[in-house]
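Architecture and fold: a report
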Amino acid sequence: MLKTLVKVVLVGSFASLSLYANAAFIGADDIDSISVQTPEGWTAVNEDALFDGITRKRKSTRFIGYRNDGDALSAANPLQIIANLTAPTNVVGFSFFNDWGYHLDQQVMDLAVRFDGHDGTRRYAVTYEYFGLDVNTWDEIFLFSDVLFAGVNKITVDVRGVNKVNFEIRELKFATMPDIALSTSNLVSGTANVNAPAIASLLGLALFATIRLRRK
């Protein structure tokens, strides 16, 4: 097994990104099915709101995870959102909108996103992990851009930690490009696992993280 350690700078910003200005986004018409797998003692509602294109604060519906009498969420005890796409899709960015209403007390703090697809040569699965995302903002939280995941047919989002008891997500935004416009050096292929701890900054401060790539 080949292990490569790469140090990168990640920038959390709520300013618009050039990539996003030119990208489309996965919406309800692009999803064949969406399901939610909850840990014991948890329930969830309104999964259709995750990709409805409505991002405003206090939208009419939002995705909610209720803890009830379950254990706290963690990497070993995640709430899992699974979206199967209608066709292979080139994903180039990911952002989301936290919480919903009047107080920022139902924020996602830790999550992981996994892409399953085919890059034209072989099948692959890539997972990004993020920590410390309760940044106390209603604005869009950008997690990555300018990384190409070609031919994605399934996206899995694991919510692994929240800042209090329950949590809300107004929208999940996956930027896409039908034509490959990025350098092939940004292509993520093969079977890999990526750990990208990051704390998004309201001021757009650069943050340092470690990415671990494991390929078989």
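Going along each chain's sequence as written, the residues are numbered from 1 onward. In keeping with the predicted nature of the model, local features appear solely for residues at pLDDT of at least 70, side-chain atom pairs appear and are counted solely at 80 or more, and the whole-chain, interface and lining totals rest on all residues. Only heavy atoms go into the side-chain values, all of them from the structure, while hydrogens and water stay out.

**What to know about the nonpolar core**
For soluble globular proteins, the rule of thumb is that nonpolar side chains tend to be buried together. By size, the foremost hydrophobic cluster in this structure holds 38 residues, and its most contacted members are Phe96, Phe149, Phe167 and Phe174. At the level of secondary structure, the elements contributing two or more residues to this core comprise β6 (79-98), β7 (108-118), β8 (123-130), β9 (141-162) and β10 (167-176). By definition, any uninterrupted DSSP run of H or I lasting at least four residues is a helix, any uninterrupted run of E lasting at least two residues is a strand, and each is numbered from the N terminus. It is β9 that contributes the most residues to this core, 10 residues altogether. A contact between two residues is defined here by any heavy atoms of the two lying within 4.5 Å. The residues contacting Phe167, other than those within four sequence positions of it, are Trp42, Phe63, Ile64, Gly65, Leu73, Leu79, Gln106, Gln107, Val108, Val159 and Val162. One finds Ala23, Val92, Leu148 and Ala175 within the second-largest nonpolar core, a separate group that totals 6 residues. Buried Ala, Val, Leu, Ile, Met, Phe, Trp, Tyr and Cys residues form a nonpolar core when they are joined through side-chain atoms within 4.5 Å. Each residue is placed in one exposure class: buried if its accessible area under a 1.4 Å probe, protein chains only, is under 20% of its type's maximum, exposed if it is over 50%, and partly exposed if it falls in between.

**Remarks on the side chain of Thr89**
Mapped onto the elements of the fold, Thr89 is located in strand β6. Judged by relative accessible area, Thr89 falls into the buried class, the value being 17%. Those residues in contact with Thr89, other than ones at most four positions away along the chain, are Phe149, Ala150, Gly151, Val152 and Thr176.

**Here's the deal with the pattern of salt bridges**
Between side chains of opposite charge, a pair can form as their charged atoms come close. Basic side-chain nitrogens of Lys or Arg form a salt bridge, by our definition, when they fall within 4 Å of a carboxyl oxygen of Asp or Glu. Going through the model one piece at a time under the given rule, you end up with 6 salt bridges. Close ionic contact of Lys59 with Glu171 constitutes a salt bridge, the shortest N to O distance being 3.7 Å. Here the residue Lys59 occupies a position in the loop between β4 (43-45) and β5 (63-66), and Glu171 occupies one in strand β10, the gap between them amounting to 112 residues. Judged by relative accessible area, which is 1%, Lys59 ranks as buried. Put simply, Lys173 and Glu140 hold a salt bridge, and the shortest N to O gap is 3.4 Å. Taken as a pair, Lys173 in strand β10 and Glu140 in the loop between β8 and β9 lie far apart in primary sequence, 33 residues in all. Each member of the pair, Lys173 as well as Glu140, carries the same accessibility label: buried.

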